[in-house]
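Tertiary structure, described
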Amino acid sequence: MLTPLFALPSPFEIELGTVKLLEPPESDATALTAQLLKGVYPKPFLIEHEGLLSLYFSLSLVQSTMQINKPDVLDLAYTQKMMAFLPFYPRPKALLLLGMGGGSLAKFCYRHLPRADITVVEIDPNVIAFRDAFQVPQDNDRFRIFCADAAAYIRTHEARTDIIMVDAFDGLGIAPELSSPDFYAEAYRALSANGILVMNLAGDKAGFEDPLAQLAHVFDDRVLSLKVRDGGNQIAFAFKNTDFHPQWDRLRPIAIELEKKLGLDFARYLQNLEKNERRSFSLPRRSRGR
């Protein structure tokens, strides 16, 4: 059953289209418009315009975007780059996604990794309530969404996990609970032997160095990253395998084959990761101290 949404013309000068809200049909459109314009509307909201559906917590930051006629396509550049783990781990059996947003990554993985078991954890029930609008699959034997705090959930997560993808934000940037040494240590524990932690860093650019340094400490410097020019994001990849050292010549054919199948620019992603590896691994490795 589709979740009913309250629609009104966008009151924003810079964002045209239709605003869709999680409100009952008898709601006061004038009062809701005033809240939106003042930036005090307390829930996430959608804006639909020219074939795009976007999720906002506030007008200053787009959380997710979907092409309505291509709901499984990764529309934002940072989500495309988060899939750059695939040349390193082309056939993961189990994925844990922390943060749902509009479900872009969840849908893409569900469609293109048909043998993978996928668990999504989202703290905000209002975000989950938009799953029908974003055409997110219903729960089934290999796909499920839990409404829970991701930092607390991972401490109890015991199922096999090959890939952990972290894309969870508050109104300002990455949730503090998901950028702490304790969280990175729990992620390390939860991963399978060859597992990879993929993390979207966004918000205050000055804060990127700190989480990357913390990740490097927990994962013994086995961390690579990609910059996202359009949004100012940075995508971090942390590898649990203690013998990890990328064999780029072997990875390139895998990236090219994935590019043909999935339409993402894996060859370029790999090239940029290789450049990053030459910089990152030139430093002496540190002990995790655990």
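All values derive from a computational prediction rather than experimental measurement.

Rules and cut-offs
Residues numbered from 1 in each chain as written. Predicted model: local features only at pLDDT ≥ 70, side-chain atom pairs only at ≥ 80, totals over all residues. Heavy atoms only, no water. Phe/Tyr/Trp six-rings, centres within 6.5 Å; stacked < 30°, edge-to-face > 60°. Helix = DSSP H or I, 4+ residues; strand = E, 2+ residues; numbered from the N terminus. Lys NZ or Arg CZ within 6 Å of the ring centre and 35° of its normal. Buried < 20%, exposed > 50% of the residue type's maximum accessible area, 1.4 Å probe, protein only. Pairing = 2+ DSSP bridges. Core = buried A, V, L, I, M, F, W, Y, C linked by side-chain atoms within 4.5 Å. Axes fitted to C-alpha atoms, helices over the stretch in contact; angles between N-to-C directions. Contact = heavy atoms within 4.5 Å.

Inspection of the entire model under this criterion finds 12 aromatic pairs. Ring geometry for Tyr110 and Phe143: centres 5.3 Å apart, planes at 70°, overall edge-to-face. One end of the pair, Tyr110, is in helix α3 (residues 104-112); the other, Phe143, is in strand β8 (residues 143-147), and 33 residues separate them in sequence. Just above the ring of Tyr110 sits the side chain of Arg142; from NZ or CZ to the centre is 4.1 Å.

This part takes up the pairing of strand β10 (residues 196-201). Counting buried residues along β10, six of its six residues qualify, which places the element largely inside the surrounding structure. In β10, alternate side chains face the same way, and those of Ile196, Val198 and Asn200 on one face and Leu197, Met199 and Leu201 on the other are all buried. Relative to β10, strand β9 (residues 163-166) is paired through four bridges, and the arrangement is parallel. Opposite Ile163, over in β10, you have Ile196 as the bridge partner. In this sheet, strand β12 (residues 234-239) lies alongside β10 in antiparallel orientation, the contact comprising six bridges. Bridge pairing links Ile196 to Phe239 in β12.

A few words on the nonpolar core. Grouped together as the largest cluster of nonpolar side chains are 53 residues, with contacts concentrated most on Met83, Phe85, Phe88, Leu95, Met165 and Phe237. At five residues, helix α8 (residues 248-262) tops the list of elements feeding residues into this core. Counting 32 residues, the second largest nonpolar core, distinct from the first, contains Leu96, Leu98, Leu197 and Ala216.

Another point: the sheet that holds strand β3 (residues 45-49). Taken in spatial order, the five strands of this open sheet run β1-β2-β3-β4-β5, and their pairing is antiparallel. This sheet does not close on itself; its edge strands, each paired only once, are β1 (6-9) and β5 (61-67). Neighbour to neighbour, the strand axes of the sheet diverge by 25° on average, direction disregarded. As defined by bridge partners, β1 adjoins strand β2 (residues 18-21) across four bridges and the pair is classed as antiparallel. Directly across from Leu8, in β2, lies its bridge partner Val19. Along the sheet face, helix α1 (residues 29-38) touches β1, β2 and β3 and points at about 70° away from the line of β1.

This is a description of form; function is not addressed.
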